[in-house]
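Breakdown of the fold
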Amino acid sequence: MKEILQMTRAELVAELIAAPVAVVTDASATYASTATGSNLDALIAYKLAVASAFLLSDWSASTQDRPVLNSPTTVRDWLKLHFAPLGQEVFIVLYLDVGNRLIAVEEMFRGEPEHTRIDARAVVKSALAHNAAGVLLARNHPFGEKEPSAADLVITRELVYVLFQVDVRVADYFILADDQIISLAEEGKL
């Protein structure tokens, strides 16, 4: 079975409406496909992950021709959907063109709980490969720490500096914890 985030829109719809008949495995978890006993929770988790991927796909398609930054609420909603099924710390980059339209979204790093090493050189290399004029950075704190850590602030300053050197603007850096999203730009920490 394909990893959920690699499925086409049609495959996602088929998974959502399909009767549970087999065991589904992806990189992060195994979901039983029968709705009996303890398998019910696994089935619900799988269907929610598929629904989340479906919504993310639609959001990405709908932002291809319009600026992402015109609606901070839309960006926050997308980030909540993206990070909802993840149980480990993940760092992503949303690449923007000169008109703040979404070029691509890339998961750059995954880490151990509460610790993800971010390589600034890899972010710069990827931003240049996408010919990005700007980026939105985001990471989750899956265990609920709502405030940016000292490490978050250090890597933020480093990323802003190195991306500035290659003429790529960091529009914001979001940290997601529980159901809250902290914007370092709004807090004056960018």
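Residues numbered from 1 in each chain as written. Predicted model: local features only at pLDDT ≥ 70, side-chain atom pairs only at ≥ 80, totals over all residues. Heavy atoms only, no water.

1. Some remarks on helix α3 (residues 72-83)
- Relative to the 16 Å expected for twelve residues at 1.5 Å per residue, α3 spans 16 Å between its end C-alpha atoms, a close match to the ideal helical length.
- Of all the residues in α3, the buried ones are V75, R76, W78, L79, H82 and F83. In an axial view of α3, the angular spread of the buried residues amounts to 160°, which keeps them on one side of the axis. (Helix = DSSP H or I, 4+ residues; strand = E, 2+ residues; numbered from the N terminus. Expected span 1.5 Å × (residues − 1). Buried < 20%, exposed > 50% of the residue type's maximum accessible area, 1.4 Å probe, protein only. Arc of directions from axis to C-beta.)

2. Structural notes on the pattern of salt bridges
- In the structure shown here, the tally under the stated rule is six salt bridges.
- Across the pair R101 and D97 runs a salt bridge, and its minimum N-O distance is 3.1 Å.
- Classification of R101 as partly exposed rests on a relative accessible area of 31%.
- Its salt-bridge partner being R110, residue E107 comes within 2.6 Å of it at the nearest N-O pair.
- Residue class for R110 comes out partly exposed when judged on its relative accessible area of 38%.
- Through salt bridges with shared partners, one network takes in E89, R139 and D152. (Salt bridge = Lys/Arg side-chain N within 4 Å of Asp/Glu carboxyl O.)

3. With respect to the pairing of strand β6 (residues 169-177)
- Summarising burial for β6: eight of the nine residues are buried, a large majority.
- Bridge count between strand β5 (residues 134-141) and β6: eight bridges; the pairing is parallel. Counted as the bridge partner of V135 is V170 from β6.
- For the handedness criterion, the β-α-β arrangement of β5, helix α5 (residues 150-165) and β6 is classed as right-handed.
- Alignment of β6 against strand β7 (residues 180-183), held across four bridges, turns out to be antiparallel. By the bridge assignment, L176 is partnered in β7 with I181. (Pairing = 2+ DSSP bridges. Right-handed = clockwise from strand over helix to strand, strands pointing away.)

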